Each structure stands twice: as C-alpha cells, then as structure tokens.
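Remarks on the overall topology
In case you want the letters, here they are:
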Amino acid sequence: MRLAGDPVIRRIVLIDAPAVLGWERWRALEERYSFGMLKSALEATKAVPAAYVDLHAHMLLAAINESALLVARGGDHATAEAAVEEFLRRLLRTD
C-alpha cells in the first residue's frame, strides 16, 4: 500500500493504466497476475475450501484494489495507509 501514495505510481498504475488499456484488457491482466497470485496462495495454504477459492480471490482483489485507491486519493497518505493495513490485517485473520 505504500506505493499507492506515491504520485507517480498513483497516476500511472491506478489512474492511467486502466484508462489507456481499457477495462477488458486491464481486467485480463489482473486476472492473469493479481488474481492468479491470490488464487495460488489460497490454494497452497488451503486457507479456504477449494470450492470457494475463486470467490475469496475475487473479494480479496477487490478489497486490495479499493484500499490502494483510498490511500492514493487520501490527503493524509500515512494515516490512510495505516488504516488500510490494519483493515487488511483484520480481514486476513483466520482465528
């Protein structure tokens, strides 16, 4: 999340790339890389039943993407980053 507060990263990765590539191409890249990594991690750790891996990977990716945008658009990046990190930590707790 730290990179989301960087103006260059914010502009190129979070704003320009999806607009330039188009939603379908951007989504395909996300599915191939980000979604694929999350799915692989969930499968490897057996954190969720196999039948729910895709659902959990999609929901985690959505949470991560929205979190990055919150940090990027927040005025106080350090505070937003800390809040997002705490939220993601709680979200991923398994106890």
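Keep in mind that what you see is a predicted model, and the values were worked out from it rather than measured.

With respect to the side chain of Glu 30
Residue placement: Glu 30 occurs in helix H2 (residues 23–45). By relative accessible area, which is 10% here, Glu 30 ends up buried.

A look at helix H3 (residues 53–73)
Every α-helix carries 3.6 residues per turn, so stepping three or four residues along brings you back to the same face. Here H3 spans 30 Å end to end across 21 residues, near enough to the 30 Å set by a 1.5 Å rise per residue. Within H3, the full set of buried residues consists of Val 53, Ala 57, Leu 60, Leu 61, Ala 63, Ser 67, Ala 68, Val 71 and Ala 72. Angularly, the buried residues of H3 cover 165 degrees about the axis, an arc narrow enough to put them on a single face. For H3, the exposed residues lying more than 90 degrees away from the buried face are Met 59, Leu 70 and Arg 73.

Concerning the environment of Arg 90
Considering the arrangement of structural elements, one finds Arg 90 in helix H4 (residues 77–92). Engagement of the side chain of Arg 90 in a polar contact is seen with the side chain of Glu 86, the distance being 2.8 Å.

Side note on the pattern of salt bridges
Tallied over the entire structure, the rule returns 6 salt bridges. Of the charged contacts in the structure, one is a salt bridge between Lys 39 and Asp 54, with a shortest N-O distance of 3.1 Å. With Lys 39 in helix H2 and Asp 54 in helix H3, this residue pair connects regions lying 15 residues apart in the sequence. By relative accessible area, which is 25% here, Lys 39 ends up partly exposed. A relative accessible area of 37% places Asp 54 in the partly exposed class. Note that Glu 86 is salt-bridged to Arg 89, the shortest N-O span being 3.3 Å. Of the two residues, Glu 86 and Arg 89 both sit in helix H4, 3 residues apart, roughly one turn of that helix. The exposure class of Glu 86 is partly exposed, given its relative accessible area of 33%. A network of salt bridges, in which partner residues are shared, links Arg 27, Glu 30 and Glu 31.

Definitions and limits used
Residues numbered from 1 in each chain as written. Predicted model: local features only at pLDDT ≥ 70, side-chain atom pairs only at ≥ 80, totals over all residues. Heavy atoms only, no water. Helix = DSSP H or I, 4+ residues; strand = E, 2+ residues; numbered from the N terminus. Buried < 20%, exposed > 50% of the residue type's maximum accessible area, 1.4 Å probe, protein only. Expected span 1.5 Å × (residues − 1). Arc of directions from axis to C-beta. Polar contact = N/O pair within 3.5 Å; in protein donor to acceptor, adjacent residues only side chain to side chain. Salt bridge = Lys/Arg side-chain N within 4 Å of Asp/Glu carboxyl O.

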